[in-house]
Amino acid sequence: LITTASGAKMGKTAAGAVWLNADMVSPYDYWQYWRNTEDGDVVRFLKLFTVLPLDEIARLAALRGANDAVVGDNQPYDLDPSVDYSTPFHALRRNLLHLQVEFRQDEIAEPAGQRAWALRLARALRQAIAVLPEEQRAVVALQLWDGLEYEEIAAIERVPVGTVRSRLARAKEALKRALGV
């Protein structure tokens, strides 16, 4: 018998039970079930129901409270594909790697809060982009800077214009190699 942190029973007779059989529960409802897991159960369930290495689970558990960001304190809810278009359509249904970020409106109401979150996201995105394969980094770089002049990119990145030119040239070459062009 497995219970949740709140003491509720998990299992086939429990209300809202999760099944591996698509005839019993849709893939979308399966995903929602795990997305809505209570915060107190996440680490234990990762250990029980995934094949993630324990050191990776420990790393993920350490994210809670890292960089003064709150990870996982939310009220569970369902994404509605008719309203919440971007994540379900562009990521989930196409099996793309994705991250869904939600902001508390009170934390971004003022310019100082907006800047703080922009800096947090910039740090996190740089770390995420750094581990992508070269051709995916190239796509991200080219999309990110599309339409900007070299000088604008250099000012944003705080690097010389020549560095911007060479990085974008390398990104274009990596993308050409990946596409076989």
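Residues numbered from 1 in each chain as written. Predicted model: local features only at pLDDT ≥ 70, side-chain atom pairs only at ≥ 80, totals over all residues. Heavy atoms only, no water.

Some remarks on the overall build of the protein chain
Quick note on the threshold: Helix and strand definitions here come from DSSP, where helices need a minimum of 4 consecutive H or I residues and strands a minimum of 2 consecutive E residues; each element is numbered from the N-terminal end. Here, residues are in contact when the closest pair of their heavy atoms is within 4.5 Å. The method behind every accessible area is Shrake-Rupley, applied with a 1.4 Å probe, and residues are considered shielded solely by the protein chains displayed.
Regarding its fold elements, the protein chain presents 8 helices and 2 strands. The linear arrangement of helices and strands in the protein chain, starting from the amino end, is β-β-α-α-α-α-α-α-α-α. For the protein chain, the proportion of contacts with a sequence separation of at least 24, taken over those separated by at least 6, is 43%. Counting every atom, the protein chain has about 13500 Å² of accessible surface; 58% of that belongs to carbon and sulfur.

Thoughts on the packing of aromatic side chains
The condition that has to hold: Within 6.5 Å between ring centres, the rings of Phe, Tyr and Trp (the latter by its six-membered ring) count as paired, and their orientation is classed by plane angle as stacked under 30 degrees, edge-to-face over 60, tilted in between. Three exposure classes are used, based on accessible area relative to the maximum for each residue type with a 1.4 Å probe and protein chains only: buried under 20%, partly exposed in between, and exposed over 50%.
Scanning the entire structure with this criterion turns up 5 aromatic pairs. Seen in terms of ring centroids, Tyr-30 and Trp-34 are 6.3 Å apart; in terms of plane orientation they differ by 75°. Their pairing is edge-to-face. Pair noted here: Tyr-30 and Trp-34 are both in helix H1 (residues 27-35), with a separation of 4 residues, about one helical turn. The exposure class of Tyr-30 is partly exposed, given its relative accessible area of 30%. With centroids separated by 6.0 Å and ring planes inclined at 90°, the aromatic side chains of Trp-34 and Phe-45 adopt a geometry described as edge-to-face. Of this pair, Trp-34 sits in helix H1 while Phe-45 sits in helix H2 (residues 42-49); the two residues are 11 residues apart in sequence, bridging distant segments of the chain.

Structural notes on the packing of H2 against helix H3 (residues 54-62)
Selection criterion: Between N-to-C directions, angles span 0 to 180 degrees; the directions come from axes that are lines fitted to C-alpha atoms, helices contributing only their stretch in contact. Orientation categories follow fixed angle ranges, with anything under 35 degrees roughly parallel, anything over 145 roughly antiparallel, 65 to 115 roughly perpendicular, and all other angles oblique. For a crossing to be left-handed, the near helix must be turned anticlockwise from the far one by less than a right angle; the clockwise case is right-handed. Under this grouping Gly is polar, as are all residues other than the nonpolar Ala, Val, Leu, Ile, Met, Phe, Trp, Tyr, Cys and Pro and the charged Asp, Glu, Lys and Arg.
One way to put it is that H2 packs onto H3 with a least axis distance of 10 Å and a crossing angle of 165°. One element, H2, and the other, H3, form an angle in the roughly antiparallel class. Crossing geometry of H2 relative to H3 is assigned as right-handed. Judged by residue contacts, Val-43, Leu-46 and Lys-47 of H2 engage Leu-54, Ile-57, Leu-60 and Ala-61 from H3. Partitioning the contact of H2 with H3 into residue classes produces 6 nonpolar, no polar and 1 charged.

Brief notes about the confidence of the model for the protein chain
Heads up, the condition is: You can read pLDDT as the predictor saying how much it trusts each residue, on a scale of 0 to 100.
Of all residues in the protein chain, 75% attain a pLDDT of 70 or more, and the chain-wide mean is 76. Here helix H4 (residues 86-92) stands out as the least confident element of the protein chain, with mean pLDDT 60; H2 is the most confident, with 89.

A short note on the side chain of Asp-41
Structurally, the position occupied by Asp-41 is in the loop between H1 and H2. Of the residues examined, Asp-41 reaches a relative accessible area of 1% and is grouped as buried. Leave out the neighbours within four places in its chain, and Asp-41 touches Thr-4 and Ala-5.

Describing the nonpolar core
The criterion, for reference: Nonpolar cores are built from buried Ala, Val, Leu, Ile, Met, Phe, Trp, Tyr and Cys residues. Side-chain atoms within 4.5 Å join them into one set.
In terms of nonpolar packing, the biggest core is built from 5 residues, these being Trp-145, Ile-153, Ala-154, Val-164 and Leu-168. Listed by contribution, the elements that provide at least two residues to this core are helix H7 (150-157) and helix H8 (161-179).

Quick look at the pattern of salt bridges
This is how it is decided: Any carboxyl oxygen of Asp or Glu within 4 Å of a side-chain nitrogen of Lys or Arg constitutes a salt bridge here.
A full pass over the atoms with the stated rule returns 3 salt bridges. Between Arg-59 and Glu-56 there is a salt bridge, and its shortest N-O distance comes to 2.8 Å. You can see Arg-59 and its partner Glu-56 sitting in helix H3, 3 residues apart, about one turn around the helix. Residue Arg-59 is classed as partly exposed on the basis of its relative accessible area of 44%.

A few points about the side chain of Thr-4
Definition in use: Between N or O atoms, a polar contact is any pair within 3.5 Å; within protein, one atom must be a potential hydrogen donor and the other a potential acceptor, and residues adjacent in sequence are included only when both atoms are from side chains.
You can see Thr-4 is positioned in the loop between strand E1 (2-3) and strand E2 (9-10). Side chain to side chain, Thr-4 and Ser-6 meet in a polar contact 3.0 Å long. Dropping the residues within four chain positions of it, Thr-4 is found in contact with Met-10, Glu-38, Asp-41, Arg-44 and Phe-45.

Quick word on unusual backbone geometry
With phi around 60°, Arg-158 is a residue other than glycine that occupies positive phi space. As for its position among the elements, Arg-158 is in the loop between H7 and H8.

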